[in-house]
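Listed below are the residues making up each chain.
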Amino acid sequence: MDTDQVKEVIFVGLPGPTHNYSGLARDNVAASLNRGSTSNPKQAALQALELARLLCTLGIEAAILPPQLRPHLPPLRERYTGRDEEVIIQAARDDLELLEKMSSSSAMWAANAATIVAGPDSRDHKLHLTSANLHTNMHRRIEAQATHRVLSAIFGDAEHCAVHAPLDAAKGLRDEGAANHMRLAPQHAQAGLNVFVYGTDGSPGDPETARQTLAASKQVARQSGLDETGALFVKQNPAVIREGVFHNDVIAVSNASVLLVHEQAYGGGKADIARIEKAYAQRTGHTLTTLIIGDGDLSVEEAVHTYFFNSQIVTRPDGRMAIIAPVEVKDLYAGKAARLMEAIRLDPGNPIAEIHFADLRQSMNNGGGPACLRLRVPMSDAQIAAVKKHTNVLADAALLTQLRLLIEAHYPNSLESEAVADPALYRRCLTLLTELSVLMKLPLLG
Ligand code: SUG
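Here the structure is a predicted model, which is why all the values come from computation and not from measurement.

A. Structural context of the overall build of the protein chain. In terms of regular secondary structure, the protein chain is built from 17 helices and 15 strands. Against the 2.2 N^0.38 benchmark of 22 Å for 446 residues, the protein chain shows a C-alpha radius of gyration of 20 Å, consistent with a compact globule. Out of the 446 residues in the protein chain, the part that is buried amounts to 62%. For the protein chain, the accessible area works out to roughly 16200 Å², and carbon and sulfur atoms hold 50% of it. Once the 43 positive and 50 negative side-chain charges of the protein chain are each reduced to a mean point, those two points are 2 Å apart.

Have a look at this one:
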């Protein structure tokens, strides 16, 4: 692969027509708080499209990851027989909780779709994608196979790409994808350091809710061809997991040579951040720009509610960086987090020059901010060309317009979580995915 040409493509996850607030993720503060509220799937999808459009405006190559078919019927078919509609009606009567788990639109959080290791970092110079098994929560576990099928369809025909199947959960491997991975490199096209953040290595005292195991992170690093200098494993601070930091991207965000992180993110505290800086210098010969947010600047609780760290930092074509932050950063705590961000923007010691606020409230109410909705994939021009040739996922104006029309036609604009029991919703989803399969040239229906 010609590494000079590697640039980042940002895949944005599109929410589906069943987007709702069932409170399925207990360790996720926003999802728990909003349990039972009424969602607006149409608005959720339009907000994600707007995020993709913003990325395009900033000169970033954006792409779309489509929703999955929900309710997911195979586990229900093990218990109920009959036509699809009959299966849904029986499940709704018998076990609404299970039906709700099968109905989540959680595949929208593309940061959990896979872990990406860039070609310049890997021993074999290939782009490696490992579809996440998302084993911890049942409503997310069911995403893994369909995600793997879609990623294989998108990247399978591009040269120098390896798409790995979800890790084997039976071996105790629990993996939540890129939300627990940060790639640090002087430029996207240069070899970088891959920081794998995990929640548990099995030590007593690790939170039961920890979603990422060290063994899973190590397996991803190994099969992606990273050598010792290319990978670093850092443990989350168990205390912050208990405060709602269910993924690393709730408390840290990076882009190229910049790391923005809360001082309490890791088990080893600031010593762990120093370890990242040292490994980065050893790997790249450069100095990492580390922006450490202290508890006095923003508490963990404030970080969890504003999703300050769940921002995206992107490099614009002219080399300047932009932050895309959720509107909650300026709306909550009288704008405290926004002032902190503004101070970062004004600081000449880092390349961050712009802040953009994105209204992603529909997703945010389930604990999914700008960083959760994206999967970053460093790709060569040849790989991008291959993806363009075989599929229609790159977010050009035509695709964004066509998606908007489909959303307007097929998405409800109000949904109570129990309404997933309505078989008509399944029909809507099926019709949408049938049309999306053709539009995006992807195998979305198995
Ligand atoms: O896994 N929420 C997701 C949010 C994922 C956010 N992703 C990242 N941080 N990268 C989760 O907790 C809530 C669904 C519900 O309750 O209906 C949910 O699954």
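Having put the structure on the table, let's press on.
B. Molecular detail of the sheet that holds strand 8 (residues 231-235). Strand order in the open sheet formed by 3 strands is 6-7-8, with mixed pairing between adjacent strands. Each having just a single partner strand, strand 6 (181-184) and strand 8 make up the two edges of the open sheet. Averaged over all pairs of adjacent strands, the angle between their axes in this sheet comes to 20°, without regard to strand direction. Sitting on the sheet, helix 8 (residues 214-223) is in contact with strand 7 (193-198) and strand 8, with an inclination near 155° to strand 7. Across the face of the sheet, helix 10 (residues 270-284) comes into contact with strand 6, strand 7 and strand 8 while running at roughly 175° to strand 8.

C. Region of the structure containing the side chain of T391. The topology assignment puts T391 in the loop between helix 15 (381-390) and helix 16 (397-410). A polar atom in the side chain of T391 sits 2.8 Å from the backbone oxygen of V387. Not counting the four nearest positions on each side in its chain, T391 is found in contact with A153, I154, M440, K441 and L442.

D. Structural context of the environment of A424. Looking at the secondary structure, you find A424 in helix 17 (residues 423-440). A424 sits in the partly exposed class, given a relative accessible area of 42%. Spatially, the C-alpha atoms of A424 and A397 are 31 Å apart, while their sequence positions differ by 27 residues.

E. Structural view of helix 13 (residues 336-346). Within the span of helix 13, buried status applies to A337, A338, L340, M341 and I344. The arc that holds every buried residue of helix 13, seen down its axis, measures 160°, which confines them to one face. Projecting away from the buried face of helix 13 at angles above 90 degrees are the exposed residues R339 and L346. Next to the buried residues of helix 13 lie strand 10 (258-262), strand 11 (289-293), helix 11 (300-306), strand 13 (321-326), helix 12 (328-331) and strand 14 (352-358).

F. Quick look at the sheet that holds strand 3 (residues 114-117). Across the sheet, 3 strands lie side by side as 3-4-5; this open sheet has mixed pairing. One side of each edge strand has no neighbouring strand; the edge strands of this open sheet are strand 3 and strand 5 (161-164). Strand-to-strand, the axes of this sheet are offset by a mean angle of 15°, without reference to chain direction. Examined bridge by bridge, strand 3 and strand 4 (residues 127-131) share 4 bridges and lie antiparallel to one another. Bridging across to strand 4, T115 finds its partner in T130.

G. How the structure looks around a negative patch on the surface. Residues E243, D295, D297 and E301 make up a contiguous surface patch of negative charge. With respect to the element layout, E243 can be found in the loop between helix 9 (238-242) and strand 9 (252-255).

H. Spotlight on unusual backbone geometry. The omega torsion across R70 and P71 is -5°, close enough to zero to call that bond cis. Of note in the backbone geometry, H160 takes a positive phi value of approximately 60° without being a glycine. The residue H160 is located in the loop between helix 7 (144-155) and strand 5 in this model. Of note, the phi angle at Y333 is positive, near 50°, even though the residue is not glycine.

I. Representation of the pattern of salt bridges. Applying the stated rule across the entire model yields 26 salt bridges. Across the salt bridge formed by D272 and R275, the nearest N and O atoms sit 3.1 Å from each other. In this pair, D272 and R275 both sit in helix 10, 3 residues apart, roughly one turn of the helix. Exposure remark for D272: the relative accessible area of 9% places this residue in the buried category. Residue R316 is joined to E354 by a salt bridge in which the shortest nitrogen-to-oxygen separation is 2.8 Å. Taken together, the residues R316 in the loop between strand 12 (312-315) and strand 13 and E354 in strand 14 connect sequence positions 38 residues apart. Among the residues examined, E354 registers a relative accessible area of 14% and is labelled buried.

J. Molecular detail of the packing of helix 16 against helix 17. Orientation of helix 16 relative to helix 17, taken along the N-to-C sense of each, is 165°, at an axis distance of 10 Å. It follows from the interaxial angle that helix 16 and helix 17 lie roughly antiparallel. For the crossing formed where helix 16 meets helix 17, the hand is right-handed. Residues L399, Q402, L403, L406 and H410 of helix 16 touch helix 17, and the partners they reach there are R428, T431, L432, E435, L436, L439 and M440. Taken together, the residues of the contact of helix 16 with helix 17 sort by class into 7 nonpolar, 3 polar and 2 charged.

K. Expanded view of the environment of C429. Following the sequence through the fold, C429 ends up in helix 17. Residue classification places C429 among the buried positions, given a relative accessible area of 1%. The spacing of C429 and R70 is 359 residues in sequence and 6.7 Å in space, taken between C-alpha atoms. Once residues within four sequence positions are removed from consideration, C429 is found in contact with P17, Q68, L69 and R70.

Reading guide: rules and limits
Counting restarts for each chain: residues are numbered from 1 in the order of the written sequence. Under the rules for a predicted model, residues below a pLDDT of 70 receive no local features and side-chain atom pairs below 80 are neither given nor counted, while totals for whole chains, interfaces and linings still include all residues. With hydrogens and water set aside, each side-chain value is computed from the structure's full complement of heavy atoms. Put simply, DSSP H or I for four residues or longer makes a helix, DSSP E for two residues or longer makes a strand, and each gets a number counted from the N terminus. Atoms considered for the radius of gyration are the C-alpha atoms alone. The globule rule reads 2.2 Å times the number of residues to the power 0.38. Note on classification: 1.4 Å probe, protein chains only; a residue is buried when its accessible area is under 20% of the maximum for its type, exposed when over 50%, partly exposed between these limits. Methods summary: accessible areas were calculated by the Shrake-Rupley approach with a probe of 1.4 Å, and residue burial reflects only the protein chains presented. Residues counted as positive are Lys and Arg, residues counted as negative are Asp and Glu, and His and the chain ends are not counted. Charge coordinates come from a single atom per side chain, which is NZ of Lys, CZ of Arg, CG of Asp or CD of Glu. Pairing between strands is defined by DSSP: at least two bridges between the two strands are required. To obtain an axis, a line is fitted to C-alpha atoms, over the contacting stretch when the element is a helix, and the angle between two such axes runs from 0 to 180 degrees between their N-to-C directions. When checking whether two residues touch, look at their non-hydrogen atoms; a contact exists if any pair is within 4.5 Å. The term polar contact refers here to a pair of N or O atoms within 3.5 Å; inside protein, the definition further demands a hydrogen-donor-capable atom paired with an acceptor-capable atom, and it admits residues adjacent in sequence only when both atoms are side-chain atoms. The reported arc concerns the directions from the helix axis to the C-beta atoms and nothing else. The patches described consist of residues with a relative accessible area above 30% and no salt bridge, like charges being joined within 9 Å and nonpolar side chains (Val, Leu, Ile, Met, Phe, Trp, Tyr) within 5 Å. Just to be clear on terms, a salt bridge is a Lys or Arg side-chain nitrogen sitting within 4 Å of an Asp or Glu carboxyl oxygen. With respect to orientation, any angle under 35 degrees is reported as roughly parallel, any angle over 145 as roughly antiparallel, any angle of 65 to 115 as roughly perpendicular, and every other angle as oblique. Crossing handedness is defined as follows: a turn of the near helix away from the far one that is anticlockwise and smaller than a right angle gives a left-handed crossing, while the clockwise case is right-handed. Classification used: nonpolar for Ala, Val, Leu, Ile, Met, Phe, Trp, Tyr, Cys and Pro, charged for Asp, Glu, Lys and Arg, polar for all others including Gly.

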